[in-house]
Amino acid sequence: MKRAALWPDHFLPAHRVPPPWPGRHVPLDGTLVHVRDTPATAPDAEPALYVHGLGGSAQNWTDLAGLLAGRLDGQAIDLPGFGRSEPGRRYTIPAFADRVVRWIEHSDRGPVHLFGNSLGGAVAVRVAALRPELVRTLTLISPALPFLDFRRSLQGRMLPLLAIPRGERLAAWRLAQLAPEVMAQQVMESCVADLTRISEQRRQEAIEEIRIRYEAAHYAAAYVRTFRGLVGSFLRSYLPGQGALWRQAASVRVPTLVVGGRQDRLVDVRVAPQTARVIPDSRLLLLDGVGHVAQLEVPRTVARAVLALLAEAAPAPGGSPEVVARRGSVERKPQATALITGTGESAGAGDVAG
């Protein structure tokens with residue numbers, strides 16, 4: 001593990017709040033998967049794939065994908081049962097990882113720069129471990145890798161729901177009791193440390209995403225079953241077997257960036273540093289004053305760390321970060337840090353993920 005570096009900020013596009021990138025439905029193995037494409041702004045851009053967290057959607061990546069479009073040709077997928085994708089048959093880490101693998105194979109874009117947030121981080125780790133030929137680099141933002149002290153997560157209060165027969169019906173009833181505006185506010189409060197970073201445009205988009213959830217009869221069951229599958233993977237990771245997530249993380253060999261927020265309320269804040277220690281070729285970026293979805297809350301900071309990772313893993317035609325910075329009359333190296341305090345970044349956030 002080493003400290004993450006940050007690409008100079010002035011090489012990023014100017015700040016703006018883009019609308020969600022265009023989405024489309026694609027038939028895949030008998031069901032429809034919803035994908036949002038972030039068009040590349042450079043001819044030599046490399047393929048990237050973004051995977052959201054529990055309760056999230058492809059919209060979670062709007063700002064980060066836009067900032068990286070000069071280097072990456074981005075696609076963000078809705079996992080089965082979430083966003084605008086059709087429901088799946090199974091809601092487990094292996095099932096979601098199989099879906100991601102199938103999408104990379106179907107789109108014929110591999111190997112990709114793979115991104116995962118929360119649940120998507122666990123999925124991405126499994127993909128990188130089992131199918132390394134499909135992954136160029138790995139970026140994990142608050143990855144939901146196993147921890148057993150659920151007092152360190154707001155999701156711990158959902159554990160009793162897993163013991164109730166047909167708990168998804170109770171979840172659906174609970175959803176029906178809350179107005180979309182109230183639900184959106186609650187979700188953002190649990191995922192974001194500083195709500196002043198969330199633009200009004202992103203708030204309205206989050207409300208619209210939740211309205212879509214209300215209209216999807218399968219959503220409550222998908223959420224509860226996915227949470228059950230995630231908890232099951234946590235427990236199995238402390239038992240013998242090659243399917244354990246921590247063992248899979250240790251087998252990842254691609255260059256990896258791990259980003260964690262000090263104010264994460266959903267994943268134990270100790271998980272990000274542990275992930276970086278376990279993955280051999282890793283870089284760690286810890287952000288003070290940031291919550292569970294750094295790519296929404298401080299997308300410019302995350303983008304700078306990603307660009308430094310890409311430059312280190314496979315230098316761009318312009319050369320190393322130091323060379324590019326000098327050409328831009330900036331006589332300094334990208335900032336290296338293990339902890340950033342008070343980013344001061346103002347950013348938008350879309351539908352937020354657990």
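Sequence order sets the numbering: in each chain, residues are counted from 1 along the sequence as written. Given that the model is predicted, a residue must reach a pLDDT of at least 70 before its local features are reported, and side-chain atom pairs must reach 80 or more before they are shown or counted; all residues, however, enter totals for whole chains, interfaces and linings. By convention in this description, side-chain values take in all heavy atoms of the structure and omit both hydrogens and water.

1. Topic: the overall build of the chain
Inclusion rule: Secondary structure follows DSSP: runs of H or I at least 4 residues long count as helices, runs of E at least 2 residues long count as strands, and numbering of each begins at the N terminus. Each residue's exposure class comes from its accessible area (1.4 Å probe, protein chains only) as a fraction of the maximum for that residue type: buried when under 20%, exposed when over 50%, partly exposed otherwise. Throughout, a contact is declared for two residues whenever any of their heavy atoms are within 4.5 Å. In these tables, accessible area is a Shrake-Rupley quantity obtained with a 1.4 Å probe, and a residue counts as shielded only by the protein chains included in the view.
If you tally the helices and strands in the chain, you get 13 helices and eleven strands. By residue count, 59% of the 354 residues in the chain fall in the buried class. At a minimum sequence separation of 6, the contacts of the chain that also span at least 24 residues come to 80%. By element, 54% of the accessible surface of the chain is carried by carbon and sulfur atoms, the whole surface being about 14100 Å².

2. Notes on the pattern of salt bridges
Oppositely charged side chains can pair when the atoms bearing their charge come close. We count it as follows: By convention in these notes, a salt bridge is any Lys or Arg side-chain nitrogen within 4 Å of a carboxyl oxygen on Asp or Glu.
Under the defined criterion, the tally for this structure stands at 18 salt bridges. A salt bridge links Asp37 to Arg24; the shortest N-O distance between them is 2.5 Å. With a gap of 13 residues between them, Asp37 in strand 3 (residues 31–38) and Arg24 in strand 2 (residues 23–28) connect regions that are remote in the sequence. Here Asp29 ties to Arg102 by a salt bridge, and the two come within 3.0 Å at their closest N and O atoms. Highlighted residues: Asp29 in the loop between strand 2 and strand 3 and Arg102 in helix 2 (residues 93–107), separated in sequence by 73 residues. Each of Asp29, Arg102, Glu105, Arg131 and Glu133 takes part in a single network of salt bridges with overlapping partners.

3. Focus on the pairing of strand 9 (residues 282–287)
Operational definition: For two strands to count as paired, DSSP must find a minimum of two bridges between them.
In terms of burial, strand 9 is largely enclosed, as six of its six residues are buried. Sheet analysis places strand 8 (residues 256–261) next to strand 9, joined by six bridges and oriented parallel. What sits directly across from Val259, in strand 9, is Leu285.

4. Points about the packing of aromatic side chains
The condition is simple: Side-chain rings of Phe, Tyr and Trp, where Trp is taken by its six-membered ring, are said to pair if the distance between their centres is within 6.5 Å; with planes under 30 degrees apart they count as stacked, over 60 as edge-to-face, and otherwise as tilted.
Throughout the structure, instances matching the rule amount to eight aromatic pairs. With 5.2 Å between their ring centres and 40° between their planes, Tyr50 and Trp61 make a pair best called tilted. With a gap of eleven residues between them, Tyr50 in strand 4 (residues 46–51) and Trp61 in the loop between strand 4 and helix 1 (62–67) connect regions that are remote in the sequence. Trp61 carries the same exposure label as Tyr50, and that label is buried. Between Tyr219 and Tyr223 the ring centres are 6.1 Å apart and the planes differ by 45°, which places this aromatic pair in the tilted class. Of this pair, Tyr219 and Tyr223 both sit in helix 8 (residues 219–236), separated by four residues, roughly a single helical turn. Assessed through its relative accessible area of 6%, Tyr219 is described here as buried. By way of ring pairs, the aromatic residues Tyr50, Trp61 and Phe115 are connected into one cluster.

5. Things to note about unusual backbone geometry
Here Gly110 and Pro111 are connected by a cis peptide whose omega angle stands at 0°. Turning to its location among the elements, Pro111 is positioned in the loop between helix 2 and strand 6 (112–117). Here the phi dihedral of Asp29 falls at roughly 55°; this positive angle occurs in a residue that is not glycine. The class for Asp29 is partly exposed, based on a relative accessible area of 46%. A positive phi angle, near 60°, is found at Ser118, a position not held by glycine. Looking at where Ser118 falls in the secondary structure, it is placed in the loop between strand 6 and helix 3 (119–130).

6. Let's talk about the pairing of strand 2
Relative to strand 3, strand 2 is paired through six bridges, and the arrangement is antiparallel. Looking at the pairing, Pro27 lines up with Leu32 of strand 3. Between strand 2 and the antiparallel strand that follows it, strand 3, lie two residues; Asp29 among them carries a positive phi value of about 55°.

7. Details of the packing of helix 6 (residues 180–191) against helix 7 (residues 200–215)
Put simply, the test is: Orientation is described by axes fitted as lines to C-alpha atoms, over the contacting stretch for helices, and by angles from 0 to 180 degrees between their N-to-C directions. Working rule for angles: under 35 degrees goes down as roughly parallel, over 145 as roughly antiparallel, 65 to 115 as roughly perpendicular, anything else as oblique. Should the near helix be turned counterclockwise from the far one by less than a right angle, the crossing is left-handed, whereas a clockwise turn marks it as right-handed. As a working rule, the residues Ala, Val, Leu, Ile, Met, Phe, Trp, Tyr, Cys and Pro are called nonpolar, Asp, Glu, Lys and Arg charged, and the rest polar, with Gly in that last group.
Two elements in contact, helix 6 and helix 7, have axes whose closest approach is 9 Å; the angle formed by their N-to-C orientations is 115°. Here helix 6 is positioned roughly perpendicular relative to helix 7, judged by the angle of their axes. The chirality of how helix 6 crosses helix 7 is right-handed. Counted together, Pro180, Glu181, Met183, Ala184, Gln185 and Met188 of helix 6 and Arg203, Ala206, Ile207, Ile210, Arg211 and Tyr214 of helix 7 form the full contact between these two elements. Broken down by class, the residue content of the contact of helix 6 with helix 7 amounts to eight nonpolar, one polar and three charged.

8. Brief notes about the nonpolar core
Formally: Note on terminology: a nonpolar core comprises buried Ala, Val, Leu, Ile, Met, Phe, Trp, Tyr and Cys residues joined through side-chain atoms within 4.5 Å.
With 55 residues, the main nonpolar core has Val100, Leu114 and Leu138 as its most contacted residues. For this core, the element with the most residues is helix 3, which contributes eight residues. Look past the residues within four positions of Val100 in its chain and what remains in contact with it is Leu49, Val51, Ile77, Leu79, Leu114, Val123 and Val127.

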